[in-house]
Amino acid sequence: MKKRLPFVLVVFVTGFYTAFVLKNLWNWFVAPAVHTGEISYWMMYGIQLIWDLLSLRKWNNPLKQQKWGSLFVVLDGCLPDEKRAQVEEALKGREETLWADFRRKVYGDLIGQTVALVIGWGVHVFLT
C-alpha cells in the first residue's frame, strides 16, 4: 500500500489538473463561441465532479457486478484440485499488471490533457 500512495496522490491531483485544462479550453473557445462569460476554476471543478458522478453511475451496476461475482464462484468450484496451484501461480502477476495498466491510463490521460492544453493555447494565442 505504501508504494501505491504516491500514485493515489497523482490520481487525486489529476482531477484538479483536469479542471484547470477544461477551464482554460472552455474560456478560450466555448465562452466566446456561445457569447457567455468565462468560467471560474472552482465552477469547472464542480461541473467535472458532477460529470464524473453521472458517468460512474452507468459503470457501477450492482446487478452486473453480482453476476460476475457469481460466475467467478462457479468457475472456482469447477477448478480441479490438481490444477488449482497452476492457476493461482498464473494469476499472481495479474494484480501488478492491473496496476501497471491503470498507471499507464492515468499518465496517458495526463499527457493527452497536456497536449490538448498546449495545442489549445497555441490556437488561442496565434490563430484567434
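Residue indices begin from 1 for each chain and proceed along its sequence in written order. Residues qualify for local features only when their pLDDT is at least 70, as the model is predicted, and side-chain atom pairs are given and counted only at 80 or more; totals for whole chains, interfaces and linings, by contrast, use all residues. To obtain the side-chain values, all non-hydrogen atoms of the structure were included, while hydrogens and water were left out.

Colleague: So, the overall build of the protein: which residues are in play, and what are the values?
Modeller: Numbering of helices and strands runs from the N terminus; a helix is a DSSP stretch of H or I covering at least four residues, while a strand is a stretch of E covering at least two. What the protein contains, in helices and strands, is five helices and zero strands. Along the protein, helices and strands appear, N-terminal first, in the series α-α-α-α-α. Atoms counted for the radius of gyration: C-alpha only. Globule rule: 2.2 Å times residue count to the power 0.38. In terms of C-alpha radius of gyration, the protein reaches 22 Å, well past the compact-globule figure of 14 Å for 128 residues. A 1.4 Å probe rolled over the protein chains alone gives each residue an accessible area, and that area as a share of the maximum for its type sets the label: buried under 20%, exposed over 50%, partly exposed in between. Taken over 128 residues, the protein has a buried fraction of 19%. Pairs at least 24 residues apart make up 69% of the contacts formed inside the protein by residues separated by at least 6 positions. We get accessible surface area from the Shrake-Rupley algorithm with a probe of 1.4 Å; when it comes to residues, only the shown protein chains can shield them. Just so you have it, the protein exposes about 10,300 Å², and 70% of that area is on carbon and sulfur atoms. Charge counting treats Lys and Arg as positive and Asp and Glu as negative, with His and both chain ends excluded. Taken as the charge location is NZ of Lys, CZ of Arg, CG of Asp or CD of Glu. Averaging the positions of the 15 positive and the 11 negative side-chain charges in the protein gives two centres separated by 5 Å. For this analysis, residues touch if any pair of their heavy atoms sits within 4.5 Å.

Colleague: Describe a nonpolar patch on the surface, with residues and values.
Modeller: A patch consists of residues whose relative accessible area exceeds 30% and which take part in no salt bridge; residues with like charges are grouped when within 9 Å of each other, and nonpolar side chains (Val, Leu, Ile, Met, Phe, Trp, Tyr) when within 5 Å. The salt bridge definition used is simple: a Lys or Arg side-chain nitrogen within 4 Å of an Asp or Glu carboxyl oxygen. A cluster of nonpolar side chains, W68, L71, F72 and L75, forms an exposed patch at the surface whose accessible area comes to about 430 Å². Locating F72 in the fold gives a position in helix 3 (residues 62–78).

Colleague: Tell me about the environment of A85, residues and numbers included.
Modeller: Looking at the element boundaries, A85 is found in helix 4 (residues 81–92). For the pair A85 and W99, spaced 14 residues apart in sequence, the C-alpha to C-alpha distance is 23 Å.

Colleague: Which residues make up the packing of aromatic side chains, and what are the values?
Modeller: Two rings belonging to Phe, Tyr or Trp (six-membered ring only in the last case) form a pair when the distance between their centres is within 6.5 Å. Interplanar angles under 30 degrees mark stacking, angles over 60 mark edge-to-face geometry, and anything in between is tilted. All chains considered together, the criterion is met by 10 aromatic pairs. Considering the side-chain rings of Y41 and Y45, the 6.4 Å spacing of their centres and the 15° angle between planes classify their relative orientation as stacked. With Y41 and Y45 both in helix 2 (residues 41–59), this residue pair falls four residues apart, about one helical turn. Taken together, the ring pairs connect F12, F16, Y41, W42 and Y45 into an aromatic cluster.

Colleague: Can you explain the pattern of salt bridges? Please cite residues and give values.
Modeller: Counted according to the given criterion, the structure contains four salt bridges. One salt bridge connects D109 with K105, and the closest N-O pair in it is separated by 2.7 Å. Note that D109 and K105 are positioned in helix 5 (residues 94–127) at a spacing of four residues, about one turn of the helix. By relative accessible area, which is 35% here, D109 ends up partly exposed.

Everything listed here is a matter of coordinates, which is why it stays silent on function.
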